[in-house]
Amino acid sequence: MVTNNIVKILMLGICISLQSCAQSKKEKETATENKKMDHLEHQKEGMLFKLKYEHADCSYEILINDMPVASHFGLGERSGLTVNLNQYILQPGKQEVTIRLYPSKKDETAFAPSLSSNSFVKVEISKNKEPMSMLDQMDAKDKGQQYQWQILSYQTPKLDDKPQNFVEYKTSFIIDNKDINWKIADWNKSQNLQNSANTRKEVDAFYSDFKKTLEEGNQQKYLSMLKQSIRDEAASTPWNKDAEKDLTKSMAEYAVEKRNFIYPCTDAELKFYGGGKVVTLVCKDPQTYGYSPLISKTAKNMLPKVHTFYLHKPGGSDKLEILR
């Protein structure tokens, strides 16, 4: 009888041990799987797509796949500027380019009544094997190696003198299958926000919370708000295995800087992109027209920082998140 009891106790101990081991193994597998989901797979090589743009006598927006990549509603003209496009390219194939022209700003509070025959925007899109130093570029040239390819050059047509305060042009370029090796958040799979009665209220609340987060220097919350944006930018720079770490460090340091919010915007409106699935707020006040209602300045940087971000609701979510 005693022997039987001992055997039962031993068997029970073995069962508990096996169950514990199985549970521990399952927990480890789950943790590993979660780690894989969070981990960014980096390649040793990758293509960098860049947009170079210039304009004259106009304000403008430049969109890639219906997402804004560059805009200008201020004074003066800017030429020879560049922006990286990787995080706006979701898959290989045809990429849509939209250029919108508006009248130029003439002084701090007024825009020209119309576009002119001199108004234009020119864009050039190229691809590089990856970012290269000037020394590397010179070395490649000396060896006769090609490191850059132009894939689009487009200038908006010359306008006539007929008064018009808006004109839109579309063009496109093609990306080969072999030139994209990243996966990032696809706004085409997000929820449509344009037809929701609650969108304005939710967007206003998000902007208010974002402003409060920076005013309080809440580092963790700020990084949480930018998590998807940081991840997608890092994922689309596959040649840099430290991209996510570097971006996170930079944003963390920025979050705790003392700042003042300037140019308070008294009149802002919703602006939709991504087929109505992405939204942002822009000012209608003459002084800050076309820009985000959140503009701040820190002691470290004399130039104002315009806090522009684009919000979406992923499928199945009931909360707005920063996409870009």
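Preceding this section is the structure that the text describes.
This text gives an overview of the structure that appears in the document. None of the values given here were measured: they were computed from a predicted structure.

Some words on the packing of helix α5 (residues 227–235) against helix α6 (residues 243–255)
To characterise two packed helices, one gives the angle between the axes of the helices and the distance between these axes.
Reasoning step 1: Their axes nearest at 8 Å, the elements α5 and α6 cross at an angle of 145°. Relative to α6, the crossing made by α5 is right-handed. Every residue of α6 that contacts α5 at Ile230, Arg231, Glu233 and Ala234 is listed here: Ala243, Glu244, Leu247, Thr248 and Met251.
Reasoning step 2: For the contact of α5 with α6, the class distribution of residues is 5 nonpolar, 1 polar and 3 charged.

A short note on the nonpolar core
Reasoning step 1: Leu51, Ile62, Leu85 and Val123 are the most contacted members of the largest nonpolar core, which totals 41 residues.
Reasoning step 2: Among the elements of the structure, β1 (48–56), β2 (59–64), β3 (67–72), β5 (93–102), β8 (120–128), β9 (148–155) and β10 (167–175) are those that each provide at least two residues to this core.
Reasoning step 3: Among residues more than four places away in sequence, those in contact with leucine 85 are Phe49, Lys50, Leu51, Ile64, Val69 and Ile125.
Reasoning step 4: Grouped together as the second largest cluster of nonpolar side chains are 23 residues, Phe206, Ala255, Phe261 and Leu294 included.

Observations concerning the environment of threonine 280
Reasoning step 1: For threonine 280, the location among the structural elements is in strand β13 (residues 278–283).
Reasoning step 2: Ignoring any residue separated from it by four or fewer positions in sequence, one finds threonine 280 in contact with Tyr207, Glu269, Leu270, Lys271, Tyr273, Phe309 and Tyr310.
Reasoning step 3: Within the structure, threonine 280 has its side chain in polar contact with the backbone oxygen of phenylalanine 309 (distance 2.9 Å).

Some points on the sheet that holds strand β4 (residues 81–84)
Reasoning step 1: Read from one edge to the other, the open sheet built from 4 strands follows the order β4-β1-β8-β9, with strand pairing classed as antiparallel. Strands with a single pairing partner mark the edges of an open sheet, and in this sheet they are β4 and β9. On average, each strand axis in the sheet is inclined to that of its neighbour by 20°, with strand direction left out of account.
Reasoning step 2: In this sheet, β9 lies alongside β8 in antiparallel orientation, the contact comprising 7 bridges. If you follow asparagine 128 over to β9, its bridge partner there is glutamine 148.

Some details on the sheet that holds β10
Reasoning step 1: Spatially, the 4 strands line up as an open sheet ordered β3-β2-β5-β10, and their pairing is antiparallel. Of all strands in the sheet, those with a lone pairing partner are β3 and β10, marking the two edges. Neighbour to neighbour, the strand axes of the sheet diverge by 20° on average, direction disregarded.
Reasoning step 2: The pairing of β2 with β5 spans 6 bridges and is antiparallel. Residue glutamate 61 lies in a different strand from β5, and its bridge partner there is arginine 100.

Quick look at the pattern of salt bridges
Reasoning step 1: The full count for this structure, using the stated rule, is 20 salt bridges.
Reasoning step 2: The partner of glutamate 96 in a salt bridge is lysine 94, and the shortest N-O contact between them spans 3.7 Å.
Reasoning step 3: The class for lysine 94 is exposed, based on a relative accessible area of 54%.
Reasoning step 4: In this structure, the salt-bridge partner of aspartate 179 is lysine 178, at a minimum N-O distance of 3.4 Å.
Reasoning step 5: Taking the relative accessible area as the measure of exposure, aspartate 179 reaches 4% and is therefore buried.
Reasoning step 6: Of the residues examined, lysine 178 reaches a relative accessible area of 67% and is grouped as exposed.

Re the pairing of β2
Reasoning step 1: Within β2, 6 of the 6 residues are buried, which leaves it mostly tucked inside the rest of the structure.
Reasoning step 2: Neither face of β2 is open: one carries Ser59, Glu61 and Leu63, the other Tyr60, Ile62 and Ile64, and all of them are buried.
Reasoning step 3: Summarising the sheet, β2 and β3 pair through 5 bridges and their orientation is antiparallel. Its bridge partner lying in β3, tyrosine 60 is registered against histidine 72.

Considering α6
Reasoning step 1: For α6, with 13 residues, the first-to-last C-alpha span of 18 Å sits near the 18 Å given by 1.5 Å per residue.
Reasoning step 2: Among the residues of α6, Ala243, Ala252, Tyr254 and Ala255 are the ones counted as buried. Taken down its axis, α6 places every buried residue within 160° of arc, on the same side. Turned more than 90 degrees from where α6 packs its buried face, Lys245 and Lys249 sit exposed.
Reasoning step 3: On the buried face of α6, the contacting elements are α3 (199–215), α4 (219–225), α5, β11 (259–262), β14 (295–298) and β15 (305–306).

Some details on the packing of aromatic side chains
Reasoning step 1: The tally for this structure, following the rule as stated, stands at 12 aromatic pairs.
Reasoning step 2: Centre to centre, the rings of phenylalanine 73 and tyrosine 102 are 5.4 Å apart; their planes meet at 50°, and the pair counts as tilted. In this pair, phenylalanine 73 is assigned in the loop between β3 and β4 and tyrosine 102 in strand β5, connecting sequence segments 29 residues apart. Taken individually, phenylalanine 73 and tyrosine 102 each receive the classification buried, so the pair is uniform in this respect.
Reasoning step 3: Since its relative accessible area comes to 3%, phenylalanine 73 is described here as buried.
Reasoning step 4: Taken together through their ring pairs, the aromatic side chains of Phe73, Tyr102, Phe111, Phe166, Tyr289 and Tyr291 make up a single cluster.
Reasoning step 5: A cation over a ring is seen here: lysine 127 above tryptophan 149, with NZ or CZ 5.7 Å from the ring centre.
Reasoning step 6: Stacked on the ring of phenylalanine 261, the Lys or Arg lysine 211 has its end atom at 5.1 Å from the ring centre.

Rules used in this analysis
Residues numbered from 1 in each chain as written. Predicted model: local features only at pLDDT ≥ 70, side-chain atom pairs only at ≥ 80, totals over all residues. Heavy atoms only, no water. Axes fitted to C-alpha atoms, helices over the stretch in contact; angles between N-to-C directions. Helix = DSSP H or I, 4+ residues; strand = E, 2+ residues; numbered from the N terminus. Left-handed = near helix turned anticlockwise from the far one by under 90°. Contact = heavy atoms within 4.5 Å. Nonpolar A, V, L, I, M, F, W, Y, C, P; charged D, E, K, R; others polar. Core = buried A, V, L, I, M, F, W, Y, C linked by side-chain atoms within 4.5 Å. Buried < 20%, exposed > 50% of the residue type's maximum accessible area, 1.4 Å probe, protein only. Polar contact = N/O pair within 3.5 Å; in protein donor to acceptor, adjacent residues only side chain to side chain. Pairing = 2+ DSSP bridges. Salt bridge = Lys/Arg side-chain N within 4 Å of Asp/Glu carboxyl O. Expected span 1.5 Å × (residues − 1). Arc of directions from axis to C-beta. Phe/Tyr/Trp six-rings, centres within 6.5 Å; stacked < 30°, edge-to-face > 60°. Lys NZ or Arg CZ within 6 Å of the ring centre and 35° of its normal.

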